[in-house]
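Observations on the model geometry
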Amino acid sequence: MSWGQQFHIPLAVGSMQWGDTRVDSAVNKGGILSDRRIDTLLTLCSQKGIQLIDTAEGYGGGSSERRICESLVRITKGDKSAIDALQFVVGTKFLPTIWRWRSNALLHAGECSSARLGMKPIPILWIHSPVHPLPLEVWVSAACDAIDKGIATNIGVSNFDGDQVRRAHAVASARGHKIVANQIMFNLLTYGSESIKECERVCKELDICIVGFGPVGQGLLCDGLSAENIHNIRLARITGLAWEDLQPLYATIKGLAESHKVKMAQICIAWTVAKGHIPLVGCKKVNHIEEAFFAVKEIKLSDAEVQKLDKAALSRSTLQKPIWRRAIFVCIISVVISCYYLENWLLPRKDRQKEYLQQDKQED
């Protein structure tokens, strides 16, 4: 059985917006989630049989990891056996930032993530990006060391194209380990890209599960989009996607949504499952989980419907962007992470808590 087949429900829940720093408060629409909200979301995941929870050291500067741990302790009243019984598979990501130049950086980061999550070993440790002056083989080898040292159980990669997946697989195989999954942007905005299809072919050949983030294109494939608000979505701006370019695909999804009497986003999630992959959905509200769960469990697209969507797909894959543009992105993220670290050093957590504790009162 491959790694992805262990999950009762082929759905992953993302916690990128679960951090509690001032940076999170500024960039996340709606501000910081309360402890109560996170408890509710994780409890609902358990009730629905959703096991895969995604986080990263870069999400809230590690505060997303810590808040997952604290929530699990609250939900189970600190009973370790009860936490195990929830059967969550929590994965976190190591980012090769611009200041990391030794393989030991991954081991140290993994230990820190493990401590914040309260989990050792970490069920899956992802390498967040292949973009770094050091070759990706350095980081994959370090991830193998992390397994050997009991820091992690499985290795995943993220944002790797087909060739990079092959290289990562070769290193892990030589060490007696396996790359179990590749986390990439996989949706109907990207599927027309040859780079995505090649990555999909390689992953299938090597028995590597694809976890597809952004299944609804950050809102570009959802109901309510218009020519007036499309450029409010960051993905549209960075890809240069115009309203006119999106129309054929948008109309196709909308037509199927009306036929199935569901939302456009749910058609996109169901399509990802129909392609044999696991959709990763960022969740801040209960309805996000409930609607995604319904799409995975109840919406069955016919072969003809899947082919219709495949044919309408665009080719806006981030995997085919020039390496220098991807490197700039990693540099920007490195700066953001530095801001997180600086805030954690300067501002005690109890002062930051005031913001989301106030939200707890508002949710009563």
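Residues numbered from 1 in each chain as written. Predicted model: local features only at pLDDT ≥ 70, side-chain atom pairs only at ≥ 80, totals over all residues. Heavy atoms only, no water.

1. A word on the overall build of the protein chain
Along its length, the protein chain carries 15 helices and eight strands. A compact globule built from 364 residues would reach a C-alpha radius of gyration of about 21 Å, and the protein chain, at 20 Å, matches this within 12%. Taken over 364 residues, the protein chain has a buried fraction of 56%. For the protein chain, long-range pairs separated by at least 24 residues make up 80% of all intrachain contacts whose partners lie at least 6 apart in sequence. Accessible area of the protein chain: about 15,900 Å², with a carbon and sulfur share of 55%. On the protein chain, the mean spot of the 44 positive side-chain charges and the mean spot of the 38 negative ones are 2 Å from each other. (Helix = DSSP H or I, 4+ residues; strand = E, 2+ residues; numbered from the N terminus. Rg over C-alpha atoms; globule rule 2.2 N^0.38 Å. Buried < 20%, exposed > 50% of the residue type's maximum accessible area, 1.4 Å probe, protein only. Contact = heavy atoms within 4.5 Å. Areas by Shrake-Rupley, 256 points an atom, 1.4 Å probe, with all protein chains shown as cover. Lys, Arg positive; Asp, Glu negative; His and termini not counted. Charge placed at Lys NZ, Arg CZ, Asp CG, Glu CD.)

2. Some words on the nonpolar core
In terms of nonpolar packing, the biggest core is built from 100 residues, with Leu106 and Leu246 touching the most fellow members. Looking at this core, the element that brings in the most residues is helix H6 (residues 136-148), giving eight residues. What Leu246 contacts, discounting residues up to four positions off in sequence, is Leu189, Leu220, Leu221, Leu225, Ile230, Leu241 and Leu314. The next biggest cluster of nonpolar side chains, apart from the first, holds 13 residues, and it includes Ile124, Cys209, Val211 and Leu280. (Core = buried A, V, L, I, M, F, W, Y, C linked by side-chain atoms within 4.5 Å.)

3. Quick look at helix H8 (residues 194-205)
In this model H8 runs 16 Å from its N-terminal to its C-terminal C-alpha over twelve residues, within 8% of the 16 Å that 1.5 Å per residue would give. When we look at burial in H8, the residues that qualify are Ser195, Ile196, Cys199, Glu200, Val202 and Cys203. Along the axis of H8, the buried positions cluster into a sector of 165 degrees, meaning they face one direction only. Counted as exposed and oriented over 90 degrees from the buried face of H8: Lys204 and Glu205. Buried residues in H8 make contact with helix H7 (162-174), strand S6 (179-185) and strand S7 (209-213). (Expected span 1.5 Å × (residues − 1). Arc of directions from axis to C-beta.)

4. As for the pairing of strand S4 (residues 124-127)
The alternating pattern of S4 places Ile124 and Trp126 on one face and Leu125 and Ile127 on the opposite face, and all of these are buried. One ladder, built from four bridges, connects strand S3 (residues 89-94) with S4; its direction is parallel. In the strand pairing of S4, Lys93 is matched with Trp126. For the segment spanning S3, helix H5 (residues 104-117) and S4, crossover handedness is right-handed. Regarding topology, H6 serves as the crossover connection from S4 to the parallel strand S5 (residues 155-158), and that connection is right-handed. (Pairing = 2+ DSSP bridges. Right-handed = clockwise from strand over helix to strand, strands pointing away.)

5. What to know about the pattern of salt bridges
Using the criterion set out here, one finds 20 salt bridges in the structure. Here Arg316 ties to Asp245 by a salt bridge, and the two come within 3.5 Å at their closest N and O atoms. Here Arg316, found in the loop between helix H13 (303-312) and helix H14 (323-346), pairs with Asp245, found in helix H10 (residues 243-260); they are 71 residues apart in sequence, far enough to count as distant. A relative accessible area of 26% means that Arg316 is categorised as partly exposed. Judged by its relative accessible area of 35%, Asp245 falls in the partly exposed class. If you follow the salt bridges from partner to partner, you end up with Asp35, Asp39, Arg67 and Arg74 in one network. (Salt bridge = Lys/Arg side-chain N within 4 Å of Asp/Glu carboxyl O.)

6. A word on the sheet that holds S6
Strand order in the closed barrel made by the eight strands is S1-S2-S3-S4-S5-S6-S7-S8, with parallel pairing throughout. Here the strands of the sheet are splayed against their neighbours by 25 degrees on average, with no regard to which way each runs. Across four bridges, S5 lies against S6 in parallel orientation. Across the sheet, the residue bridging to Ser158 is Gln183, located in S6. H5 contacts S3 and S4 of the sheet and is inclined by roughly 140 degrees relative to S3. (Axes fitted to C-alpha atoms, helices over the stretch in contact; angles between N-to-C directions.)

7. Side note on the side chain of Asp161
Of note, Asp161 is situated in the loop between S5 and H7. A polar atom in the side chain of Asp161 sits 3.2 Å from the backbone nitrogen of Asp163. In terms of polar contacts, Asp161 uses its side chain to reach the backbone amide nitrogen of Gln164, at 2.8 Å. Every residue in contact with Asp161, bar those within four places of it in the chain, is listed here: Cys199 and Leu319. (Polar contact = N/O pair within 3.5 Å; in protein donor to acceptor, adjacent residues only side chain to side chain.)

8. Brief notes about the packing of helix H3 (residues 63-76) against H5
Put simply, H3 and H5 touch, their axes get as near as 7 Å, and they point 35 degrees apart. Listed contacts from H5 to Glu65, Arg66, Ile68 and Cys69 of H3 are Ser113, Arg116 and Leu117. Each residue belonging to the contact of H3 with H5 can be placed in one class, and the counts come to three nonpolar, one polar and three charged. (Nonpolar A, V, L, I, M, F, W, Y, C, P; charged D, E, K, R; others polar.)

Interpretation in functional terms is not warranted from these geometric data alone.
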